[in-house]
Amino acid sequence: MTEILLDVRDLTVAFGTSRAVEGLSYQLARGETLAVVGESGSGKSVSSLALLGLLPPRAAQVLSGQAMFGGTDLLSLNDAELRRIRGRRISMIFQEPMTSLTPVLRLGQQLTEGLIVQEGLSARVAHSRACEMLERVGLDAPERRMRQYPHQLSGGQRQRVMIAMAMLVQPEILIADEATTALDVTVQGQILDLIRDLQAEFGMSVLMITHDMGVVAEMGDRVLVMHRGQKVEDGHVSDVLARPRAPYTQGLLEAVPRLGAGAALRSAPRDTAERRVILRADGLRKSFARRNWLGKTQAETHALDDVSFDLCAGETLALVGESGSGKSTTGRAVLGLMPLDAGRVMIEGRDLRDFSGSALRQARRHMQMIFQDPFASLNPRLSAARLVGEPLVIHGLARGQELTDRVADLFRRVGLDHGHMTRYPHEFSGGQRQRLSIARALATGPRFIVADEPTSALDVSIQAQILDLMRGLQQDLGLAYLFISHDLAVVERLAHRVAVMRAGRIVELGPTDQVLHAARHPYTQQLIAAVPVPDPALRRNRSALAYDGEMPMGPLTHVAPDHLVAQ
Amino acid sequence: MITGTQDLARDLANAGVVRQRGFWRGLLASPSGVIGLALVGVLIITAALAPLIAPYNPLQMAAGPRLAPPSLAHPMGTDQFGRDVLSRVVHGARLTLLVGTVAVSLSLVAGLALGLLAGYAGGWLERIFMRLVDVLFSFTEIVIALACLAILGVGLTNAMIAIGIAAIPFYARITHSVVLVEKSKPYFEAGIAAGAGHMRLIFLHLLPNVVPTLIVVATLGISTAVLAAAGLSFLGLGAQPPQPEWGFMLASSRDLISRAPWMMIFPGLAIALTVLGFNLLGDGIREAMDPRQRRRQ
Amino acid sequence: MLVFLAQRLFAALITIWIATIAVTLLIHLVPGDPVRIMFGGFQTTEAELEAIRTRLGLDQPIWRQYLMFLGRLAEGDLGRSIVGNQPVLDILLERLPATLALTLASLAVAIVVGMGLGFLAAVKRGTWIDSTAMILAIVGVSMPHFWLGLLLLFLFSVTLGWLPVAGGDWRSLILPALTLGLATAAVLARMTRSAMIDVLDQDFVRTARAKGLPGTLVLSRHVLRSGLVPISAMLGMQFAYLMGGAIVVENVFAWNGLGRLAIQAVLARDYPLIQGFILFFATIVALASVVIDLLYAVLDPRIRYAK
Amino acid sequence: MTASHHRLSAALLSSALGLTAVPAFAQDVIWARYGDIDSLDPHRATSTLSLQIWDQIYDTLLAFDMDANPVPNMAESWEASEDGLTYRFTLHEGILCHDGSPFTAEDVRFTIDRAFGETPSLTRTSWGPIESVEVIDDLIFEITLETPFAAFLTFLADPFSSMICSGIDTDTFGSSTAIGTGPFKLVSWARGSEIVLESFDGFRNLGQAAENTGAPGFDRLLVRTIPEAQTRLAALRTGTVHIAEPPFDDIDAIRTEGLLDIVIAENTGQNVFWQFTTSRPPFDDIRARQAVALATDPAMAIEIIYGDLSQREWCPISRGVFGNDQDFCEALGYAHDPARARELVAELGFGPGNPLRTTMLVWTGGNRHMLAEIFQAQLAEANIQAEIEIMDIGTMNARVRAENEDVNNTTPGTFDMMTWSWFDPDILFQLWHSPGAYSGYQSPELDALLQETRTTIEPEARLEAVHAVIEYLMTNAVHIGLYTPGWEWVFAVRPEIEGLQVGPFVRPNFLDVTVAQ
């Protein structure tokens, strides 16, 4: 019934001796969106690059296959012939908007050069077409944009330029290779909407390459799941997501944290009456000044602006927000790892500033940190046992046999073998390394731990294990966590309370269920709305994303007990 | 080469790969590593066993006829005094190795200490210090070395010191940039968070992670030092007669270039091969340690 | 960009300022009595030496000497050379054109050969062209300037008799410029290759190819332009190294520039001349690096349009 | 055929490129030397390189004939008083300065006053004990001495006594201007690279040893600095220069090849000798000095390095200089005797495991460093370990003096291969009479002997006095002759240049030079 535009059969691509893609076949119909999903290294990008001859020369080789497009086999064309198709009938947009545009050339030149070289248009015609398209993709002042350089635009704006560039030639197929992965979640939502609108308007087919099941559910008509270079299964999005047949797809879908799935890992909520505040942040302020080399301030960015919150014993407070919102800065600030411009941090009622250098070091045994990248946060020169034991040595808590015993005990506690003690960090897997970090953080028996994106560098299955471990430890030891994350689904599973940060300020703070399910602040609503959900039935609420009023960024006020919102 | 080295140091530090296992396997798998290792090995053996290898005393005049071309008795010919060029080249290996290691050790230790302190301390101290280093750097090493020699007077020992001093800004700068990379890694902050003191942070966390990268740089640095020393000797500012220093031998071959080209060819070849050896070894180590580099090949 | 340039210019001034301090200190670091070392020649009396000390201001406190030095510097007076008693500035200015000619000619050789080779190797990465170019480059890096010079001298002047090496006309510039240029070309080739490979691996190159642009246009417009940015950043240092290398090469070829002067001055311990040379050299390198920064800024819009 | 082809093309190239800047009719002679002059001012330098150029720009009252005897030149006649204290000179008429003014007795007085003035000539003691200069008229003047001075007339033939015209600009004189009465006018001096001289039409040859009585027979003399011997040779071969000192090791080949003429200077007056820092150990002990002399074999060393271009010189003054007598000196000298040297060294308490350490200072250039290496090896056999330090002559002069004066220095004393060229044994007075040029060895006895050589005018008596000084210097091992000549005395000349003569004391004379087309 529908016209098959692209028919790929038995595509095999090799990198040296290893096969990145093996025997891949699929079809793309006119006007449809095919989502190709898989983890990194599954061959999903390679397969599409191979179609257009964009694989790195010599390193990669197409061993077999056919790709019929309008009666010709793309794989049999030489470079000159392919060029007539590339950027004319098939366009691509890529993952990194920061690096996908040539930094030293004006946008105008980059937008029009294809039209001039390929279509033989005059510079003036190409210019006006480019301006029109810039306007179409939602960029203001297109004439000015044409004269700008890539670095003068934000990431989202650059991705819009990339899309404009791809759409200028009105291609039959648009290949979007992880086109939204590097963007913040709200920007991602906007870009996905733009692609959908353009598809509706121009009627092209879209090949959407992604690792995000949410994006698949949101965009795809059909989905193709890849694993280790091979097709695992394909079919209509609603079928595959609802009733995955391949075990791999099932596992993948199960591990994906879903917002709204509930408090699976949350430890038992404590009675509010017993709440004992162990950490109080009070009006934290910090601005990073870009100084010139004379030390004169040139520009200031407010990383923290009047940030206040409490953390009680045994509870998990999540700090969420997009990149640059100040959540990591807050984490470092409360540990005294960074001097503040104003405000104070109270640890069990004592101002952190009152501690002198050595007293501060002593105080650190009560507060520890777990980092995002478990490998980078472990000194590669020290053995696992020394790493875990180091805080004990520093604080003079144990020596000799006692030290060994306590370290062994910590290993057991985080689920590592005794035999792991003599190994070095690079000999551990990612999940094991994060366990090591946790063991180290636990060594001095701290009251609270700042966990900065502790699971975002891990695969989804490992992620769950680590969250499980953290919850268990909280239960057993009465630890408090300041949990920093951009992933609302993860936060929902672990946190008792959530603080939403934007531009260095907390805009909403309250119990997890209230913040995530009855958000009061438009920004929180936007954040939640932007999260793609791996369920085609639950497509995002586009109106929340389109919020274009002024975001209230004033002081926090109570809207309910324990629930504060910026006015 | 120098500019490249700074990037190399930062790359290595960023990659955090200096500590990777299978280093020797990697080194032996790269052609540059093998050839470099072989050349440097030959140099070290030659230097160690010079009296056994050299057929004559390097200072003995009239060991053969004057200015004799290469022959079985004198494979590299003789010089204007009838000294055996081969014996001189063989003994020259000792001086070369000595100059290379002493000069590099001097600049490495001083540069490491300065760069480490500035990088660790941060703030105004760092700013002023690094500015000063930048300035010295732009004087270029040869001019600093000339200034040192103008103060100290000429001679091989002074040349060695001068080369060592001249390279301090370079090592300080590299150390500083590596320290900055290491300092920005979370493990360093993890150390602070664990409550470690200054000494612990510097000597347990920073130093062990900075030194391996610096060792790589120093390997390349030896080639620079050897070249510089030969250059100064060539200019008459370094080795003095009758030292069989290669650069000096080249200088004294200048007037005989048409009559006895072997006097110019062999010491020059010795310098070039030595420098090539250390450069290849450095490249080999770089390849063995930095997967990014390996991929590029 | 004006701010950027002002900063670079200021940095250059700081360099020169520190150079003035360094050269003032230089003479005080000399062990023994520099005046006696310099002037204690044939038939000079102690009274004459004392007069010289007074004339040079060496009997003054050191800060005073520094101020005097600055004062004279402001009038363009760098003192007088010991050997021949000529004004140092005159001598330096007289030698400058020769060194600049050599340095610039070498730079041209280095850029044409080195960047050409490096670019070719990067584009033909992994082929025999790449390997050959890189073997040439590492051999070139390892080759001492002065030996290469002697070899070229032996080949072209002594054996073949093609190129005269004396006379000071442009033909006698060929061999020294080739020597210095080739040695630098080897360094530049490695840097260029590495910079170009970085660029070739960048996403925007793929973007340009995905647009269907012909390969030559991708290379010339997107790759080369972008690769020139990091390379131009390295050129400043390369210029300084060329100037330094010129000191050696000038001595091989008896090229009558600042480098020969410097060695003669060191051997003769002609301190005013050494001081003048260091100051002069630092100034040229500093100013050259400003010029190269300007080039860098022109090539890189991120700097050109920085506020 | 190939060689001549190259030569031809090189000649074409050089005429096309090298000389195009010059008007086609100009005839240039290009003379390349290893180094540059220090100054154009005859009172401000002592190097042979400088002196050779002064000789072209300035003229002297007397001149040397080819046998190094002083003969009338600018001064056509003179009379000495009975007591030898007053000399009355008469100048030739019509001598012209380069600025066109006539040269008169006033200019003579100007020159002598300048030599003793505020910044006196570096060689002022060589002028002798001049008390006054009295100008009688334009052409006649009288010089009065405090004491008789035997070397007075010979000095007036030496370029150190070059006559300077009083019209000089005192600010630029010596560095960019010079006015004399010599055969060439100064056009320009680019330091370190080139001196351009132009034939002076107004020149008259009044006494110089040349046939030409007027201005030189070509237009310009270009004196270039080309430090590398091989470079000079290449330049000679390609015709870029006409006259230059060739590399010593190539001289045989050049002679065989026959393209270039080799001109060797005679009567150079040059003497290379040992002297020692006698103010501190080890050379405060005569045995150490003698050991050095006995351990070294100059004859063998110069044979290796210079072949027949140099000769063993036993005396402290050179062959051709008044008082030189090889037999007399050899009898007093130290023939090569390493065994005896070892004995003396052993007496001083040194031996094979514990060599006598010292430093040998050597003047750079002229293959002297090679000679030094041979001496170094010879000394090593007598258990004397000598470091070599090579430096330019100016530095060496200063260094030797500083070594002598630095009494409190605890490092071993040095010795040096010193070089001097002089026309008269009066050099010994300047070197050794207290305080001495180098503040070296001094004794009242020696001072008395030296004074005698100065004030004794009568030749036979003076010869005796000179011999007495020589005997004293040699038996005390203070000044030990090595060889002669020692620097810049070999010239390779292209065939198109004819008539180049090298006068006494290595002064090339261009008056008879012609350039073949």
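Residues numbered from 1 in each chain as written. Chains lettered and ligands numbered in written order. Predicted model: local features only at pLDDT ≥ 70, side-chain atom pairs only at ≥ 80, totals over all residues. Heavy atoms only, no water.

(A) Geometry of the overall build of chain A. The helix and strand tally for chain A stands at 20 helices and 22 strands. Whereas a compact globule of 567 residues would reach a radius of gyration of roughly 24 Å, chain A reaches 26 Å, a difference of no more than 12%. Dimensions along the principal axes, computed over C-alpha positions, put chain A at roughly 75 × 50 × 50 Å. Counting only residues that meet the buried cut, chain A has 55% of its 567 residues in that class. (Helix = DSSP H or I, 4+ residues; strand = E, 2+ residues; numbered from the N terminus. Rg over C-alpha atoms; globule rule 2.2 N^0.38 Å. Buried < 20%, exposed > 50% of the residue type's maximum accessible area, 1.4 Å probe, protein only.)

(B) Geometry of the domain arrangement of chain A. Partitioning chain A into domains gives domain 1 (103–168), domain 2 (276–366 + 447–454 + 478–567) and domain 3 (373–445). Once you take the C-alpha centre of each, domain 1 of chain A and domain 3 of chain A turn out to be 53 Å apart. (Domains from an automatic or database assignment.)

(C) Spotlight on helix 3 (residues 107–119) of chain A. Between its terminal C-alpha atoms helix 3 of chain A stretches 18 Å, which fits the 18 Å expected from 13 residues at 1.5 Å a residue. Within helix 3 of chain A, the full set of buried residues consists of A:Leu107, A:Gly108, A:Gln110, A:Leu111, A:Thr112, A:Glu113, A:Gly114, A:Leu115 and A:Gln118. In the core, the buried residues of helix 3 of chain A are packed alongside helix 2 (79–83), helix 4 (123–136), helix 5 (142–147) and helix 6 (155–167) of chain A together with helix 10 (215–253) of chain C. Looking at the residues trailing helix 3 of chain A, positive phi occurs at A:Gly120, about 70°. (Expected span 1.5 Å × (residues − 1). Contact = heavy atoms within 4.5 Å.)

(D) Layout of helix 11 (residues 258–268) of chain C. Burial analysis of helix 11 of chain C places nine of its 11 residues in the buried class, which makes it a mostly covered element. Turning to helix 11 of chain C, its buried residues are C:Leu258, C:Gly259, C:Arg260, C:Leu261, C:Ala262, C:Ile263, C:Ala265, C:Val266 and C:Ala268. Contacts made by the buried residues of helix 11 of chain C are with helix 7 (141–152) of chain B, helix 5 (88–123), helix 10 and helix 12 (271–299) of chain C together with helix 12 (393–405) of chain D. Remark: C:Arg269 follows helix 11 of chain C within two positions and exhibits a positive phi of approximately 50°.

(E) Examining the interface of chain C and chain B more closely. Contacts between the two partners involve 52 residues from chain C and, on the opposite side, 53 residues from chain B. Buried surface at the junction of chain C and chain B, both sides included, amounts to about 4300 Å², of which 76% is carbon and sulfur. The interface formed by chain C and chain B holds one salt bridge in total. Here B:Asp283 makes a salt bridge to C:Arg190, at a shortest N to O gap of 2.9 Å. Where chain C touches chain B, the interface holds six residue pairs in polar contact (both at pLDDT 80 or more). (Buried area = accessible area lost by both parts, 1.4 Å probe. Salt bridge = Lys/Arg side-chain N within 4 Å of Asp/Glu carboxyl O. Polar contact = N/O pair within 3.5 Å; in protein donor to acceptor, adjacent residues only side chain to side chain.)

(F) Here's a closer look at unusual backbone geometry. With an omega of 5°, the peptide bond between B:Pro241 and B:Pro242 qualifies as cis. In this chain, D:Pro281 is followed by D:Pro282 through a cis amide linkage whose omega measures 0°. Relative to the elements of secondary structure, D:Pro282 occurs in the loop between strand 13 (270–276) and helix 7 (286–295). Of note in the backbone geometry, B:Ala62 takes a positive phi value of approximately 55° without being a glycine.

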